[in-house]
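Chains, contacts and geometry: an overview
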Amino acid sequence: MNHFISLENFDLELIKNLIDDAISFKRKKAYPNLSNRYISNLFFENSTRTKLSFEMAEKKTGMEIIYFDAETSSIKKGESLYDTVKTLHSIGVECFVIRHAQDKFYESLINKIDVPIINAGDGCGDHPTQSLLDLVTIYEEFGTFKNLNVVIAGDVVHSRVAHSDAKILKRLGSNITFATPEFWRDSSMTMGTYTSLDTAISNADVVMLLRNQNERHSKQYDEKNFLELYGLTKERADRMKPKAIIMHPAPINRNVEIDEDLIEASQSRIFTQMTNGVFARIAVLNYVFNS
Ligand code: NCD
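This write-up is about the structure you can find in this document.

**Notes on the sheet that holds strand E9 (residues 245-247)**
Adjacent strands of a sheet form backbone hydrogen bonds with each other and so pair up, either parallel or antiparallel. Strand order across the open sheet formed by 5 strands is E7-E6-E5-E8-E9, with parallel pairing between neighbours. For this open sheet the edge positions go to strand E7 (192-195) and E9, each flanked by a neighbour on one side alone. Recorded for the sheet is a direction-independent mean angle of 25° between the axes of neighbouring strands. Relative to E9, strand E8 (residues 206-209) runs parallel, the two sharing 3 bridges. What sits directly across from Met208, in E9, is Met247.

Here you go:
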């Protein structure tokens, strides 16, 4: 049985196959047939892109979605995640897409319930389908990961996107630089060097911005001056290489992480990332059900 929990222990060949699959689904508009397979999306943290692009991927493959709403579910009566998943599995759900605020929430499920789990984001931990769509976006652009200079900027310590992406991009041969304020450095992230966006920008192939994870902060920071001090201003963007790209997993705090005029600029791939998310997730569903 295939879970999709983290890319950390994934074979690199398998990851390359998933990227190829996603690109081929996007080009050919032909998708695997998963009709009569039952899936549930359990989101315990807010989501627009991830939840609805999973739903789009599920519909494009003909799946049956058993809808779940945490707010009106028995979770509100104190039912545990384990009991919720066990219940839905008992009534016939064959796969779960789960987002949860708790790091490694899946440890209470895998090896205990015999059903595939897809991690749609665990706390500050991992976000493997976001990583896959980011890899697809970078690969479409450059055709390789080797020796690309990837600058990951902003709230590194709280961002599961930073954690997932830095680990897999490093394994794929990219050079990782963290351009992060002193107070959001992550000492466990040793696969990259630390510097400022000002210093790193002119050498970057990929400028990957992160959302400031306000819901995970215990201390206030100076949001008003963040763009000037640490974000992607127009002045910094002017110093990017002509072929370098801008990425952001979104949602975006406009004029905090990035000047809003750059969001749809020609070097931005932010909406391409969202488009690619659907095909990356079709590739993951195909992997879970068909391999
Ligand atoms: C990310 C997430 O939830 O981790 N969003 C997403 O899935 N596109 C990024 C974020 O919210 O910061």
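**With respect to empty space enclosed by the protein**
Inspection of the entire model under this criterion finds 2 cavities of 30 Å³ or more. Estimated volume of the largest cavity: approximately 50 Å³. Forming the boundary of the largest cavity are Ser6, Leu7, Glu8, Asp126, His163, Ser164, Lys167, Ile168 and Arg171. The residue makeup of the lining of the largest cavity, split by class, is 2 nonpolar, 3 polar and 4 charged. The space that makes up the second largest cavity amounts to roughly 40 Å³.

**Let's talk about the layout of surface pockets**
Size it by volume and the largest pocket reaches roughly 490 Å³. Lining the largest pocket are 26 residues, and of these Asn46, Arg99, Arg160, Ala250 and Pro251 lie nearest its centre. Residue assignment for the lining of the largest pocket shows that the elements contributing at least two residues are helix H2 (49-60), helix H4 (128-142), helix H5 (160-171) and helix H9 (270-290). By residue number, the principal contributor to the lining of the largest pocket is H9, which donates 4 residues.

**Structural notes on the site of the ligand**
Near the ligand, the surroundings consist of Arg49, Thr50, Arg99, His127, Gln130, Arg160, Val161, Arg211, Gln213, Pro249, Ala250 and Pro251. For the ligand, the protein covers 95% of the area, taking 310 Å² as the surface of the free molecule. If you map the ligand onto the pockets, it falls in the largest pocket. Sorting the residues of the shell around the ligand by element identifies H2 and H5 as the ones contributing at least two each.

**Side note on the packing of H2 against H9**
Any two packed helices are characterised by the angle at which their axes cross and by the distance between the axes. Following both chains from N to C, one finds H2 and H9 inclined at 55°, their axes separated by 8 Å at the closest point. Regarding the angle of H2 to H9, the classification is oblique. In the crossing of H2 with H9, the sense of the turn from one axis to the other is right-handed. Residues Arg49, Thr50, Ser53, Phe54, Met56, Ala57, Glu58 and Lys60 of H2 touch H9, and the partners they reach there are Met274, Gly277, Val278, Arg281, Ile282 and Leu285. Among the residues forming the contact of H2 with H9, the class breakdown is 7 nonpolar, 3 polar and 4 charged.

Rules used throughout
- Residues numbered from 1 in each chain as written.
- Predicted model: local features only at pLDDT ≥ 70, side-chain atom pairs only at ≥ 80, totals over all residues.
- Heavy atoms only, no water.
- Pairing = 2+ DSSP bridges.
- Helix = DSSP H or I, 4+ residues; strand = E, 2+ residues; numbered from the N terminus.
- Axes fitted to C-alpha atoms, helices over the stretch in contact; angles between N-to-C directions.
- 1 Å grid on protein atoms, 1.4 Å probe; cavity = no way out; pocket = protein on both sides within 12 Å on 5 of 7 lines; lining within 4 Å.
- Points joined across faces, edges and corners; volume = space filled by probe spheres on them.
- Nonpolar A, V, L, I, M, F, W, Y, C, P; charged D, E, K, R; others polar.
- Near = heavy atom within 4 Å.
- Areas by Shrake-Rupley, 256 points an atom, 1.4 Å probe, with all protein chains shown as cover.
- Sits in = over half its atoms within 2 Å of the grid points.
- Parallel < 35°, antiparallel > 145°, perpendicular 65-115°, else oblique.
- Left-handed = near helix turned anticlockwise from the far one by under 90°.
- Contact = heavy atoms within 4.5 Å.

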